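# A closer look at the structure
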Amino acid sequence: MVQHPPSQRPDPSERIERSPLEMRVLSRYFVWWRAILVALVVAGVSALGAQLLLTADSVRYAFGAVAVLCLGILIFLRPIVGFWSYYFMAFGRPHDVVWGLTGLRISLGLAVFALVAVVAHLILHRRPFFGRHPLSLSMLGICAVVAASGLAAGGDYDRMIELVKMLLFATLFSWWIDRRSWVRQGLWLVAISCGFLTFWALHQRFFEGVYMLVGPGTGRATFKDRNFFSMVLLIAIPFYWYFAQATRRLVLRILLYALIPLTVFCVFLTASRGGLLGVAGIAGAIGWQSRHRWPAVIGGLVLVAGFYVVAAPPTLKNRADTIVNYEGESSAEGRINSWKAGTNMMLHNPFLGVGPGNYVKNYSRYHDSAPRQAHNSLVQMGGEYGLLGLILFVLFQWQLSRSLLRSRDLALSREDEEAARFARILWASLVGYWVTAFFLSAEGLEFIYYYAALAVGLE
């Protein structure tokens, strides 16, 4: 009989019935086939690494590529390492921040290794390839619409490929993740990644003299948009709050609690009005899930307001005045005009929209104001991918929220405090995303699709 390592041992209720002959063949040759596959991967990685070292223009980039190839061997042995490596690169951006490897598509290489490793393991362990969870199906549906829109209407194919990659990888992860320990590790990965970015942002402010913060990266990197960077920072606040309450280590608890005001301060330094509202939304969501609901909600909002008065820079305060009184303020009034243009786009192109990245290019056909992005995830999604894409995106958000609330309620009924805490973390962070995404084109935020995979694992 096949001897699985403890971390890969199948559930007894899901054991596959095999004939005696098949059992004998597997017991004799299974380990040898794995060894052969690993040997082939090692040989290929070694040859490719040598080629990169000999031909690369930059020694730093060459060694970075070789490091990724070596990590690929470990990923092949343990596919979960591929998922963690990929998402840490996508969320924490260490290659942009401290390694000096901006432009090297490390996350894409790790995604390819993880994909190959998962397929190989599914074949060797005879596990099903396809998961039927509604969240997985919703992500596949959005992926199909995005691809169809790009092929039919044309547009920015790099943007289309990036979003398709996010959706497919998160879907694959939702099929793979089936252990609570992996869900726990996945939540900590977000806290570590965003905490790393918070300290990097503080370094930019106090040691580099940057007054208005933007994220790491160059060129068209999404984090370079300060509104988007503020969202990436603030959605980690629930992770710090709930993990700090659960940990028994005093130093770690103090660090996690300290990260909350530091993160809010960094959000303020981006001068993002959507980020300010997102912080308030997260404070309300955390309070709403507490035992004393309304006092906690009011207390959280009062704390945010007080911290805003004391710590917010003048730039943010001046911009915040236009949240309600938007008339005469070019940025706020421009968003209203852009929403009108996007609404016309989706009404005139209901099936597949104007295509990925074509929102600004087609803007003048639907409104006479200065062209700009929608700065609203729903409008951007509907304009570029049509009403069909918008409906699938809204359905995905509803299913994700419903899944998390269902998991939370079920965990509470079973007195499973850890599982309930995991669901609370993801739902509160999702609320922060919703509030901020109403003022930002953030349909391509990879965190939410990652949350969906964790929600499937949590169920």
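No experiment lies behind these values; they were computed from the predicted model shown.

## Here's the deal with the overall build of the protein chain
When helices and strands are counted, the protein chain shows 18 helices and 0 strands. Burial analysis of the protein chain (459 residues in total) assigns 52% to the buried set. Here the protein chain displays about 21,800 Å² of accessible surface, and carbon together with sulfur accounts for 65% of that area.

## So, helix α18 (residues 446–458)
Taking 1.5 Å as the rise per residue, α18 with 13 residues should run 18 Å; its terminal C-alpha atoms sit 18 Å apart, in good agreement. Most of α18 is tucked away: 13 of the 13 residues are buried.

## What to know about unusual backbone geometry
Phi angles above zero are rare outside glycine, and histidine 375 is one such case at about 55°. Along the polypeptide, histidine 375 turns up in the loop between α15 (330–348) and α16 (377–413).

## Observations concerning the nonpolar core
Counting residues in each nonpolar core, the largest one holds 119 residues, and the members touching the most others are Phe173, Tyr433 and Tyr450. In terms of residue count, the dominant contributor to this core is helix α17 (residues 417–437) (12 residues). Once residues within four sequence positions are removed from consideration, tyrosine 450 is found in contact with Trp84, Tyr87, Phe91, Ala170, Phe173, Gly186, Leu187, Leu189 and Val190. Listed in part, the 9 residues of the second largest apolar core include Ala341, Met345, Tyr359 and Val379.

## Description of a nonpolar patch on the surface
A contiguous nonpolar patch, built from Leu108, Val112 and Val116 and spanning about 230 Å² of accessible area, is present on the exposed surface. With respect to the helices and strands, the residue valine 116 is situated in helix α5 (residues 106–125). A relative accessible area of 48% means that valine 116 is categorised as partly exposed.

## Details of helix α13 (residues 293–311)
Compared with the 27 Å implied by 1.5 Å per residue over 19 residues, the 27 Å span of α13 between its first and last C-alpha is a close match. If you follow the buried residues of α13, they end up packed against α11 (250–269), α12 (273–288) and α14 (314–320).

## What about the side chain of serine 403?
Relative to the helices and strands, serine 403 is located in helix α16. Among the polar contacts made by the side chain of serine 403, one reaches the side chain of glutamate 459 at a distance of 2.3 Å.

## Comments concerning the packing of aromatic side chains
Scanning all chains against the criterion turns up 25 aromatic pairs. Through pairs of rings, three or more aromatic residues link up here, namely Phe83, Trp84, Tyr86, Tyr87, Phe91, Phe169, Phe173, Phe447 and Tyr450. A cation sits over an aromatic face here: arginine 205 above phenylalanine 206, 5.7 Å from the ring centre. In this structure, arginine 293 packs its charged tip against the face of tryptophan 288, placed 4.0 Å from the ring centre.

## Points about the side chain of serine 369
As for its position among the elements, serine 369 is in the loop between α15 and α16. On the basis of relative accessibility, which here comes to 17%, the residue serine 369 falls in the buried class. A distance of 2.6 Å separates polar atoms of two side chains, one belonging to serine 369 and the other to tyrosine 363. Here histidine 367 takes part through its side chain, which lies 2.8 Å from a polar atom of the side chain of serine 369. Other than its neighbours up to four places away in sequence, serine 369 contacts Asn337 and Tyr363.

## Thoughts on the pattern of salt bridges
Between side chains of opposite charge, pairing is possible as soon as their charged atoms come close. Throughout the structure, instances matching the rule amount to 10 salt bridges. A salt bridge links aspartate 178 to arginine 179; the nearest nitrogen and oxygen atoms lie 3.9 Å apart. Note on aspartate 178: relative accessible area 46%, which makes it partly exposed.

## Things to note about the packing of helix α3 (residues 79–92) against helix α8 (residues 180–206)
Interaxial distance between α3 and α8 falls to 9 Å at its minimum, and their mutual angle equals 25°. Judged by the angle between their axes, α3 and α8 are roughly parallel. For the pair α3 and α8, the crossing hand works out as right-handed. Two secondary-structure elements touch here, α3 through Ile80, Trp84, Tyr87, Phe88, Phe91 and Gly92 and α8 through Trp182, Gln185, Gly186, Leu189, Val190, Ile192, Ser193, Phe196 and Leu197. Class assignment for the residues of the contact of α3 with α8 results in 11 nonpolar, 4 polar and no charged.

## Looking at the confidence of the model for the protein chain
Caution is warranted with low-pLDDT regions, since their predicted coordinates should not be read in detail. The share of residues in the protein chain with pLDDT of 70 or more is 78%, and the mean pLDDT across the chain is 82. Taken as a whole, residues 18–31 scores under 50 in pLDDT and shows 12 contacts with residues more than four places along the chain or in a different chain.

## Observations regarding the environment of glycine 278
Here glycine 278 is to be found in helix α12. Given the relative accessible area of 0%, glycine 278 is considered buried. For the pair glycine 278 and valine 435, spaced 157 residues apart in sequence, the C-alpha to C-alpha distance is 5.3 Å. For glycine 278, the contacting residues outside a window of four places in its chain are Leu234, Gly432, Val435 and Thr436.

## Examining the packing of α8 against helix α9 (residues 226–234)
Where α8 contacts α9, the two axes come as close as 9 Å, and the packing angle between them is 125°. Of the possible angle classes, the one that applies to α8 and α9 is oblique. Of the two elements, α8 crosses α9, and the hand of that crossing is left-handed. Across the interface between the two elements, Cys194, Leu197, Thr198, Trp200 and Ala201 of α8 pack against Phe229, Val232 and Leu233 of α9. Residue composition of the contact of α8 with α9, by class: 7 nonpolar, 1 polar and no charged.

## Some remarks on the environment of isoleucine 142
On the secondary structure map, isoleucine 142 appears in helix α6 (residues 134–153). As for isoleucine 142 and leucine 388, which are separated by 246 residues in sequence, their C-alpha atoms are 8.9 Å apart. Apart from the residues lying within four places of it in its own chain, the contact partners of isoleucine 142 are Leu167, Met381, Leu392, Phe393 and Phe396.

The rules behind each value
Residues numbered from 1 in each chain as written. Predicted model: local features only at pLDDT ≥ 70, side-chain atom pairs only at ≥ 80, totals over all residues. Heavy atoms only, no water. Helix = DSSP H or I, 4+ residues; strand = E, 2+ residues; numbered from the N terminus. Buried < 20%, exposed > 50% of the residue type's maximum accessible area, 1.4 Å probe, protein only. Areas by Shrake-Rupley, 256 points an atom, 1.4 Å probe, with all protein chains shown as cover. Expected span 1.5 Å × (residues − 1). Core = buried A, V, L, I, M, F, W, Y, C linked by side-chain atoms within 4.5 Å. Contact = heavy atoms within 4.5 Å. Patch = residues over 30% accessible without salt bridge, like charges linked within 9 Å, V, L, I, M, F, W, Y side chains within 5 Å. Salt bridge = Lys/Arg side-chain N within 4 Å of Asp/Glu carboxyl O. Polar contact = N/O pair within 3.5 Å; in protein donor to acceptor, adjacent residues only side chain to side chain. Phe/Tyr/Trp six-rings, centres within 6.5 Å; stacked < 30°, edge-to-face > 60°. Lys NZ or Arg CZ within 6 Å of the ring centre and 35° of its normal. Axes fitted to C-alpha atoms, helices over the stretch in contact; angles between N-to-C directions. Parallel < 35°, antiparallel > 145°, perpendicular 65-115°, else oblique. Left-handed = near helix turned anticlockwise from the far one by under 90°. Nonpolar A, V, L, I, M, F, W, Y, C, P; charged D, E, K, R; others polar. pLDDT = per-residue confidence, 0-100.

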